[in-house]
Amino acid sequence: MKIAVCIKRVPVMEVKFAIAKDGASVDETGLKYDVNDFDLWAVEAALQLNEKNAPGEVTVISLGPDAASEQIRKALSMGADKGVLLKADKVPGDAFAVAEALAAELKAGAYDVILFGKKSIDFDNSATGAMVGELLGLPVVTGVSKLEIAGGKGTAHRAVEGGVEVLEFPLPAIVTVDEGLNKERLPSLKGIMAAKKKPLETKPAQLGGAGVTVSKMELPPERAAGRIVGEGAAAVPELVRLLQSEAKVL
Amino acid sequence: MDESQYFSEQHHAVREMVRAFAQDEVLPVAAKHDEEATFPWENIKRMGELGLLGVPWPEEVGGAGLDLTSYILAIHEMAKVDASHAITISAHTTLGTSPIFYFGTAAQKAAYLPLLASGKVLGGFGLTEPDAGSDAGGTRTTAVRKNGHYVLNGAKRFITHGSVGEVFVATAVTDPSKGTKGISSFILTKETCDLAKAREVGVGHDDSITPLAGFRAGKKEDKLGWRASDTSELIMEDVEVPAENLLGEEGMGFINFMRTLDAGRIGIAALSLGLAEGAFQAALKYSTERKQFGQAIVNFQGISFPLADMATEIEAGKHLLYAATRLAQEGRPFGKEAAMAKLFCSELSMRATIKSIQIHGGYGYTKDYPVERMMRDAKICEIGEGTSEVQRLVIARHLLRELAD
């Protein structure tokens, strides 16, 4: 079985973000990067499917700058077989532009299953996987929390409000992965060694035209300091009055 | 620090993996193993799976096939979270496995390296004796040749993995008339003391290892720190050791083990630096969160100055450590630099952990915060694998030798 996983290089979120001088992008100074969490679970899902359906091959594809090869290597160290970097110095904020470039690469691969993370933790569009499915004319299942592939078809669980939806679909198909499907494995040191020797091809990304551009970014307004109106039961009338007249929540 | 002078992208990948393992799987159990002085068998199994028990050995013998820098990084990173796990890696790899890798015959390597490098069984190193500590040349354990084997009698003290381990390299006097040149080294095997647990987790014991009659672990030490690391006495009573277990040439045991200790010192330097950094990071975080007199305590110079000192010394320690590592990796002489790195980083680990507790105030003295454990774990770094005094002796000898050249 041939499996492709599309992964994204995203900033590690444990920092205070600043807006760049252009006012419409994030200041990248001092940022650290990693594989998008949801994409790591997609890689893990691909490796588990591959282990169950051997022989097979897992290809990891990322669209990003040269440095995104670090993220591809991480997936290779976990056990993926080969990587493709679709090089773009700046990743467009428009998911469709990215989806077109990924679709162009995926079309030729004859993959049985194409996995994505449900969303990227930076732009949070939840769009790319579904758009690629549309462009390739493939069935798409989004936000999967359980996945089985057997006998040329797939079964997936999706968490819906108050319950679970069970879906069946023919292959080839696109599946986007939700939290809870698995926990990604740590690469072993042997995996890290082996990743260095695995093929990683770099080619220019054939980005589509951006229909949407980011015009402005703003940080949320600073929260005003809290106020203490009094103590004990005596403070209740004033508190209720403020909640009604000022906060307007009652 | 510009890390590119020491680390490649692959080194960063190694560090990231060890960091994730330490945070997710070691940190949650570190305090409990310390409190109860129990050996973390489950994590030993995981470390074997991840390749952390054979980092620098070639893949052909079951190792991960990485360079020395990767190995030192792994110890350094692990010690930021728990020194006991870090010394397990270091003692098993440098002390337990490396003498067989460097001085073993083809048959010895084939018999033991795959088991050790994969972490299937744990190894240890027996040099120190009740009456031979810093003066390792005062070895009293004897090995007498008899009918094609050696008969060993004596005891080894403070042996990491003495109880839990199965494969040991140890020194014994084969020719009392020749001083240190009359000391030889041997491979000694026994069964792990935790056999039931080892069978349960699937590592720690292998049936192919023949226990030698009369060779056993003695008292397990109850220690101030490194409490999740196993330290025991080893006792040899008329142990008949097959002649093929002689490690290296007869009379070369002491000399070979001194070379092993040079490498071990880089490992202790890495462990010490990891402790210092772990304590520093905890203090830095705490000082920005803890408020007194209406503001975060880091705003007071009484708090920020020791943090600045710690950061500066850690930076210096990193350069000493990775410069010594690079020399060793390139096969150049590194004994003086290893002793300097060990001396500086181990004394730094003590200073930094004490400062960290001071910054934490009363909370730092409690087991609710990890820094008291770090301080207890740091003290032994100034003692084990050569005391600070011995490091100064080693460095001074190098200075005099250079003067004579």
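Everything discussed here concerns the structure shown above.
Description of the structure in this document. Along each chain, residue indices are assigned from 1 in the same order as the chain's sequence is written. Chain letters start at A and ligand numbers start at 1, both assigned in the order the entries are written. Side-chain atom pairs in this predicted model are given and counted only at pLDDT of 80 or more, local residue features only at pLDDT of at least 70, and totals for whole chains, interfaces and linings cover all residues. To obtain the side-chain values, all non-hydrogen atoms of the structure were used and water was disregarded.

Brief notes about the environment of phenylalanine 39 of chain B
Residue and element names in this part refer to chain B. This is how the line gets drawn: Strands are runs of DSSP state E lasting at least 2 residues, helices are runs of H or I lasting at least 4, and numbering of each runs from the N terminus. Throughout, a contact is declared for two residues whenever any of their heavy atoms are within 4.5 Å.
The topology assignment puts phenylalanine 39 in the loop between α1 (9–36) and α2 (41–50). Along the backbone, phenylalanine 39 and arginine 227 are 188 residues apart, and their C-alpha atoms lie at a distance of 8.3 Å. Excluding anything up to four places from it in sequence, phenylalanine 39 contacts His33, Ile44, Thr88, Leu122, His161, Val164, Ala228 and Asp230.

A few points about empty space enclosed by the protein
Vacant regions in the atomic arrangement are exposed by a probe of water-molecule size rolled over the atoms. Residues and elements named next belong to chain A. What counts here: In this analysis, the protein atoms alone were mapped onto a 1 Å grid. Cavities are point sets where a 1.4 Å probe fits without being able to get out; pockets are open sets with protein on both sides within 12 Å along at least five of seven lines; lining residues have an atom within 4 Å of a point. Grid points are joined across faces, edges and corners, and a volume is the space filled by probe spheres set on the points. Residue polarity follows a fixed list, in which Ala, Val, Leu, Ile, Met, Phe, Trp, Tyr, Cys and Pro are nonpolar, Asp, Glu, Lys and Arg are charged, and the others, Gly among them, are polar.
Per the stated rule, a full pass over the model turns up 1 cavity of 30 Å³ or more. Quantified by volume, the largest cavity comes out at close to 330 Å³. Lining the largest cavity are 25 residues, with Lys8, Val98, Phe116, Ser120 and Thr128 positioned closest to its centre. When residues of the lining of the largest cavity are traced back to their parent elements, those giving at least two are β1 (2–7), β4 (57–64), α3 (95–107), β6 (113–117) and α4 (128–136). Of the residues that constitute the lining of the largest cavity, the class distribution is 12 nonpolar, 9 polar and 4 charged.

Examining the pairing of strand β10 (residues 173–177) of chain A
Residue and element names in this part refer to chain A. As a reminder, the rule being used: Burial status follows relative accessibility: with a 1.4 Å probe on protein chains alone, a residue under 20% of its type maximum counts as buried, one over 50% as exposed, and anything between as partly exposed. Pairing between two strands requires that DSSP report at least two bridges joining them.
With 5 of 5 residues buried, β10 lies mostly within the body of the structure. Here β10 shows no split at all, with Ala173, Val175 and Val177 on one side and Ile174 and Thr176 on the other all buried. When β6 meets β10, the two strands line up parallel, connected through 5 bridges. By the bridge assignment for β10, leucine 115 is matched with valine 175. The sheet contact formed by strand β7 (residues 140–150) and β10 spans 3 bridges and is parallel.

Brief notes about the nonpolar core
Rules: Put simply, a nonpolar core is a bunch of buried Ala, Val, Leu, Ile, Met, Phe, Trp, Tyr and Cys residues held in one set by side-chain atoms that sit within 4.5 Å of each other.
Counting residues in hydrophobic clusters, the biggest one holds 98 residues, and the most contacted among them are Leu189 of chain A together with Leu52, Met78 and Leu271 of chain B. The dominant element in this core, judged by the number of residues it contributes, is helix α7 (residues 253–289) of chain B, at 15 residues. Residues within four places of methionine 78 of chain B in sequence aside, it is in contact with Val18, Phe21, Ala22, Val26, Met47, Leu52, His85, Ala86 and Ile89 of chain B. If you look at the next biggest cluster of nonpolar residues, it comprises 35 residues, including Leu40, Leu47, Ala75 and Ala156 of chain A.

A closer look at unusual backbone geometry
The omega torsion across alanine 54 of chain A and proline 55 of chain A is 0°, close enough to zero to call that bond cis. Here proline 55 of chain A shows up in the loop between α1 (37–52) and β4. Note that the residue after leucine 171 of chain A, namely proline 172 of chain A, is joined by a cis bond; omega there is -5°. In this structure, proline 172 of chain A sits in the loop between β9 (163–170) and β10. Although it is not a glycine, serine 126 of chain A adopts a positive phi angle of roughly 50°. Taking relative accessible area as the criterion, serine 126 of chain A reaches 42% and is therefore assigned partly exposed. A positive phi is found at alanine 37 of chain B, a non-glycine position, where the angle reads about 55°. Along the chain, the position of alanine 37 of chain B falls in the loop between α1 and α2.

A few points about the pattern of salt bridges
All names here are of chain B. Operational definition: The working definition used for a salt bridge is a side-chain nitrogen of Lys or Arg within 4 Å of a carboxyl oxygen of Asp or Glu.
Taken as a whole and judged by the stated rule, the model has 48 salt bridges over all chains. Across the pair aspartate 222 and arginine 227 runs a salt bridge, and its minimum N-O distance is 2.8 Å. Classification of aspartate 222 by relative accessible area gives exposed; the value is 67%. Notably, a salt bridge pairs glutamate 382 with lysine 379, separated by 2.5 Å at the nearest N-O pair. Glutamate 382 sits in the buried class, given a relative accessible area of 13%. It is possible to trace a salt-bridge network through shared partners that takes in Arg19, Glu77, Lys80 and Glu277.

Topic: the sheet that holds β10 of chain A
In a beta sheet, neighbouring strands are held together by backbone hydrogen bonds and run either parallel or antiparallel to one another. All names here are of chain A. Quick note on the threshold: Under this scheme, a helix contributes an axis fitted over its contacting stretch, all axes are lines through C-alpha atoms, and angles between N-to-C directions fall in the 0 to 180 degree range.
In spatial order, the strands read β9-β8-β7-β10-β6-β1-β4-β5-β11; together these 9 strands make up an open sheet with mixed pairing. The open sheet has two edge strands with one neighbour each: β9 and β11 (200–204). Taking each pair of neighbouring strands and ignoring which way they run, the sheet shows an average axis angle of 30°. Where β1 lies against β6, 4 bridges are found, and the strand directions are parallel. Counterpart to alanine 4 in the pairing with β6 is isoleucine 114. Helix-sheet contacts for helix α2 (residues 69–78) involve β1, β4, β5 (82–87) and β11, and the interaxial angle to β5 is about 165°.

Examining the packing of helix α3 (residues 68–79) of chain B against helix α8 (residues 301–329) of chain B
Residues and elements named next belong to chain B. So the rule is basically this: Note: crossing handedness is left-handed where the near helix turns anticlockwise from the far helix by less than a right angle, and right-handed where it turns clockwise.
At a closest axis distance of 9 Å, the pairing of α3 and α8 adopts a crossing angle of 145°. As α3 packs across α8, the resulting crossing turns out to be right-handed. The segment α3 lies against α8, with Leu68, Thr69, Ile72, Leu73 and His76 engaging Lys318, Leu321, Tyr322, Thr325, Ala328 and Gln329. Residue composition of the contact of α3 with α8, grouped by class: 6 nonpolar, 4 polar and 1 charged.

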